[in-house]
Amino acid sequence: MAAAVWDPPREPNVYGSITVRAAALLRWLDARNATPGAQKLTVTHAVARALGLVLRRHPDCNAFVRWGRLQLRDDVDIFLHVLVKDEPHVGRLGDADLSGHCIRQVDQKRVEDIARELSSSAAAIRAGKDREFELSKRQIRALPLPLLRLSMRLLAFMQYELNIDTTWLGSPRDPFGSAEVSSVGMFGVRVAYGPFFPLARTPIAVVVGAVEDEVIAVDGKAVVEPTLVLNGTFDHRIIDGYHAAVLTREVRVLLEHPELLDREVSELDEIDQRAAIRVGRRAVSVGSETSGK
């Protein structure tokens, strides 16, 4: 029966999760947030910064597929999701809406810059003052579903296949950027995997889970520490198992040593010694290598 009812698989998605020891990151965030007048920083902001730095170090992973071939992006842009709520009915699921903001050249911005830009964009979206979001809502309401689907697919084809600038049509260039980051940690969820938006060309979608205390082994002893689970969806056409292992190991190093988040990409040689894949009893350094497709 199973062979008769299911079609052959066509999606190239690969899924995986890593656990990050979060004590140092939480202390780092608390210290930054304790500064009078400081922009509030969260784990999600730190994850976006770490992912941006790692993608800049490994440009082979910052790509999309155009006419069956890989096209490398020049910039590292990360789309962060924002939950939009209708305040009078905040408790009703039907009143919730999801939008987001693409942080451009995220590898060149500090965690504070990322947090400030996202906070400003989220406030504008929730207040109905974000031009792109309001234009999208009007288009969705005005067009019948078949025509809306056709117009969105046409925009994506013009952008990604024909390389046409569609900003004059109200559609920003490469609107979802190099990767997507969203969070379910505020809901107490640890493991969840994000789908790829069909018309975006992001090869990575990261979902930030909740930080919880967990018993882990440290130097052969059971220790209770806060841990963070990061969940990733990868487009296997661009990122294979080796790429995913390199990216996730280096993101973990940056988050477990958050002082590295303040450095420039050119100053991250230290990550090469800390990020290693262990194969049997041998440690293979992968910090500065990438593989072509």
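Residues numbered from 1 in each chain as written. Predicted model: local features only at pLDDT ≥ 70, side-chain atom pairs only at ≥ 80, totals over all residues. Heavy atoms only, no water.

What to know about the pattern of salt bridges
With the rule as written, the count across this model stands at 15 salt bridges. Arg73 is the partner of Asp174 in a salt bridge, and the nearest nitrogen-oxygen pair spans 2.7 Å. Of this pair, Asp174 sits in the loop between helix H6 (145-161) and strand S6 (179-183) while Arg73 is found in the loop between strand S3 (69-72) and strand S4 (78-85), placing the two residues 101 residues apart along the sequence. Using a relative accessible area of 13% as the deciding quantity, one classes Asp174 as buried. (Salt bridge = Lys/Arg side-chain N within 4 Å of Asp/Glu carboxyl O. Helix = DSSP H or I, 4+ residues; strand = E, 2+ residues; numbered from the N terminus. Buried < 20%, exposed > 50% of the residue type's maximum accessible area, 1.4 Å probe, protein only.)

Considerations on unusual backbone geometry
Even without glycine at this site, Asp174 takes up a positive phi of about 45 degrees. Even without glycine at this site, Asp219 takes up a positive phi of about 55 degrees. Within the secondary structure, Asp219 sits in the loop between strand S7 (204-218) and strand S8 (221-235). For Asp219, a relative accessible area of 78% puts it in the exposed group.

Observations concerning the nonpolar core
One finds Leu230, Leu254 and Leu255 to be the most contacted residues of the largest nonpolar core, which totals 50 residues. Counting residues per element, this core draws most heavily on helix H3 (residues 43-57), which supplies 9 residues. (Core = buried A, V, L, I, M, F, W, Y, C linked by side-chain atoms within 4.5 Å.)

Details of a nonpolar patch on the surface
Taken together, the side chains of Trp67, Leu154, Phe157, Leu162, Ile164, Trp168 and Leu169 define a hydrophobic patch exposed on the protein surface, amounting to about 740 Å² of accessible area. Mapped onto the elements, Leu169 comes out in the loop between H6 and S6. (Patch = residues over 30% accessible without salt bridge, like charges linked within 9 Å, V, L, I, M, F, W, Y side chains within 5 Å. Areas by Shrake-Rupley, 256 points an atom, 1.4 Å probe, with all protein chains shown as cover.)

What to know about the pairing of S3
The side chains of a regular strand alternate between both faces of the sheet. The sheet contact formed by strand S2 (residues 63-66) and S3 spans 4 bridges and is antiparallel. Its bridge partner lying in S3, Arg66 is registered against Arg69. Taking the residues that link successive antiparallel strands as the turn, the S2-S3 hairpin has 2 residues, and the phi of Trp67 there is positive, at about 55 degrees. (Pairing = 2+ DSSP bridges.)

Here's the deal with the environment of Ala123
Within the secondary structure, Ala123 sits in helix H4 (residues 111-126). In the structure, Ala123 is positioned 39 residues away from Val84 in sequence and 9.5 Å away in space, judged by C-alpha atoms.

Section: the packing of aromatic side chains
For the coordinates displayed, the defined rule picks out 5 aromatic pairs. Ring geometry for Trp67 and Phe157: centres 5.8 Å apart, planes at 85 degrees, overall edge-to-face. One end of the pair, Trp67, is in the loop between S2 and S3; the other, Phe157, is in helix H6, with 90 residues separating them in the sequence. On the basis of relative accessibility, which here comes to 56%, the residue Trp67 falls in the exposed class. With a centroid separation of 4.7 Å and an interplanar angle of 45 degrees, the aromatic rings of Phe79 and Phe176 are classed as tilted. Of this pair, Phe79 sits in strand S4 while Phe176 sits in the loop between H6 and S6; the two residues are 97 residues apart in sequence, bridging distant segments of the chain. According to the relative accessible area criterion, Phe79 is buried, its value standing at 9%. Counting every residue linked through ring pairs, the aromatic cluster contains Phe79, Phe176 and Phe197. (Phe/Tyr/Trp six-rings, centres within 6.5 Å; stacked < 30°, edge-to-face > 60°.)

By themselves, these observations are geometric and do not establish any function.
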